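Here are the chains, one letter per residue:
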Amino acid sequence: MTWVELIGYVGSVGVAASLTMANIWRLRWVNLFGASTLAVYGLLIRAWPILALNSFIVLVDVYYLLRLSREKDVFSFFEIPPDMPFLSEFLNFYRDDIEAFAPGFDLTRYRDPHVRLIMRNMLPVGLFVCGEAKEGEAEIYLDYVVPGYRDFKSARFVFSAPHDRLKAAGMHTFVATAQVPAQRRYLRKVGFEQDPDSPWRFTRPV
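An account of the accompanying structure is given in this report. If you're wondering where the values come from, they're calculated on a predicted model, not measured in any experiment.

**Brief notes about the overall build of the protein**
So, point 1. A count of helical and extended segments in the protein gives eight helices and seven strands.
So, point 2. Taken against the 2.2 N^0.38 rule, which gives 17 Å for 206 residues, the C-alpha radius of gyration of the protein at 22 Å runs more than 25% over that of a compact globule.
So, point 3. Dimensions of the protein, computed from C-alpha atoms along their principal axes, come out at roughly 70 × 40 × 30 Å.
So, point 4. A total of about 12,400 Å² of accessible surface is found on the protein, and carbon and sulfur atoms cover 60% of it.
So, point 5. Taking the average place of the 23 positive charges on the side chains of the protein and the average place of its 22 negative ones, the gap between the two points comes to 8 Å.

In structure tokens, the structure reads:
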């Protein structure tokens, strides 16, 4: 295999990988990388149709990335009762995906949980459930965002929100138990610190 052929394979893998992604922001970036690489490949082997097509794709990706970067999303919380029919439908619909991030999650196990829908442009894109673990600590039972909206914008909103009701109840620290590696990586990215006495326990201020 020559280095020119390697460039072609890398570009092809990038384009193919982008088509497997649910998050449109990540899809556009990976597709941009793949199409740019294939455009270079087309230029090197003087395959003008390959160069033309992938140059066009690059322009389309750049256009939509600029549009996405300029969009201003509006986030809000919508507090709902644990027995709301919509909530059970939501949990049932995303059950398998929730299980991958929060194995064994069962809302009925918790007493008086605080349940909030995460709204993005008035669309329910996630669910945040917590409750008082002990004095001053709010244990996070579920912090979930549906596929297609996992670009950390929702997470930044959740943990930058004032949480006045929790603070009024005397809670000053969020506590999360990370059961899977992806969850631990996520918690670190949103500002949690690992408990030195427990590799599974993470905390951050409310």
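**Some words on a nonpolar patch on the surface**
So, point 1. Where nonpolar side chains cluster on the molecular surface, the patch consists of Met1, Leu6, Tyr9, Val10 and Phe33 and spans about 560 Å² of accessible area.
So, point 2. The element contributing the most residues to the nonpolar patch is helix α1 (residues 3-18), with three residues.
So, point 3. By the element assignment, Val10 lies in helix α1.
So, point 4. Looking at Val10, the relative accessible area reads 35%, which means it is partly exposed.

**A short note on the nonpolar core**
So, point 1. In this structure, Phe105, Leu127, Leu142, Phe159, Phe174 and Phe192 are the most contacted members of the largest nonpolar core, which totals 41 residues.
So, point 2. At the level of elements, α4 (85-93), β2 (114-120), β3 (123-134), β4 (137-145), α6 (153-160), β5 (173-177) and α8 (181-189) are the ones that each hand at least two residues to this core.
So, point 3. With residues near it in sequence (within four places) discarded, Phe159 still touches Phe128, Ile140, Asp143, Phe174, Tyr186, Val190, Phe192 and Arg204.

**What to know about the packing of aromatic side chains**
So, point 1. Tallying each qualifying case throughout the model produces 17 aromatic pairs.
So, point 2. On the basis of an interplanar angle of 80° and a centroid distance of 5.0 Å, the ring pair of Tyr63 and Tyr64 is categorised as edge-to-face.
So, point 3. Classification of Tyr64 as partly exposed rests on a relative accessible area of 33%.

**Examining the packing of helix α2 (residues 24-44) against helix α3 (residues 48-70)**
So, point 1. At a closest axis distance of 8 Å, the pairing of α2 and α3 adopts a crossing angle of 155°. The orientation of α2 with respect to α3, classified from their angle, is roughly antiparallel. In terms of crossing hand, the pair formed by α2 and α3 is left-handed.
So, point 2. The residue makeup of the contact of α2 with α3, split by class, is 19 nonpolar, six polar and two charged.

**Concerning the packing of α1 against α2**
So, point 1. As a packed pair, α1 and α2 sit with axes 7 Å apart at the nearest point and diverge in direction by 155°. On the basis of the axis angle, α1 is roughly antiparallel to α2. Seen from above, α1 lies across α2 with left-handed handedness. Where α1 approaches α2, its residues Trp3, Val4, Glu5, Ile7, Gly8, Val10, Gly11, Ser12, Gly14, Val15, Ala17 and Ser18 are matched on the opposing element by Leu27, Val30, Asn31, Phe33, Gly34, Ala35, Thr37, Leu38, Tyr41 and Leu44.

**A closer look at α8**
So, point 1. Inspection of α8 places Gln183, Arg184, Tyr186 and Leu187 among the buried residues, and these make up the whole buried set. All buried residues of α8 lie within an arc of 160° about the axis, which places them on one face of the element.
So, point 2. Tucked into the core, α8 has its buried residues touching α5 (95-101), β4, α6, β5 and β7 (201-205).
So, point 3. Downstream of α8 by a residue or two, Gly191 has a phi angle that is positive, lying close to 95°.

**Here's the deal with the pairing of β5**
So, point 1. Across the five residues of β5, four count as buried, placing the element largely inside the fold.
So, point 2. Relative to β5, β4 runs parallel, the two sharing three bridges. Of the residues in β5, the one forming a bridge with Glu137 is Thr173.
So, point 3. Pairing between β5 and β7: five bridges, direction antiparallel. Looking at the pairing, Ala176 lines up with Phe202 of β7.

Reading the values: rules and limits
Residues numbered from 1 in each chain as written. Predicted model: local features only at pLDDT ≥ 70, side-chain atom pairs only at ≥ 80, totals over all residues. Heavy atoms only, no water. Helix = DSSP H or I, 4+ residues; strand = E, 2+ residues; numbered from the N terminus. Rg over C-alpha atoms; globule rule 2.2 N^0.38 Å. Areas by Shrake-Rupley, 256 points an atom, 1.4 Å probe, with all protein chains shown as cover. Lys, Arg positive; Asp, Glu negative; His and termini not counted. Charge placed at Lys NZ, Arg CZ, Asp CG, Glu CD. Patch = residues over 30% accessible without salt bridge, like charges linked within 9 Å, V, L, I, M, F, W, Y side chains within 5 Å. Salt bridge = Lys/Arg side-chain N within 4 Å of Asp/Glu carboxyl O. Buried < 20%, exposed > 50% of the residue type's maximum accessible area, 1.4 Å probe, protein only. Core = buried A, V, L, I, M, F, W, Y, C linked by side-chain atoms within 4.5 Å. Contact = heavy atoms within 4.5 Å. Phe/Tyr/Trp six-rings, centres within 6.5 Å; stacked < 30°, edge-to-face > 60°. Axes fitted to C-alpha atoms, helices over the stretch in contact; angles between N-to-C directions. Parallel < 35°, antiparallel > 145°, perpendicular 65-115°, else oblique. Left-handed = near helix turned anticlockwise from the far one by under 90°. Nonpolar A, V, L, I, M, F, W, Y, C, P; charged D, E, K, R; others polar. Arc of directions from axis to C-beta. Pairing = 2+ DSSP bridges.

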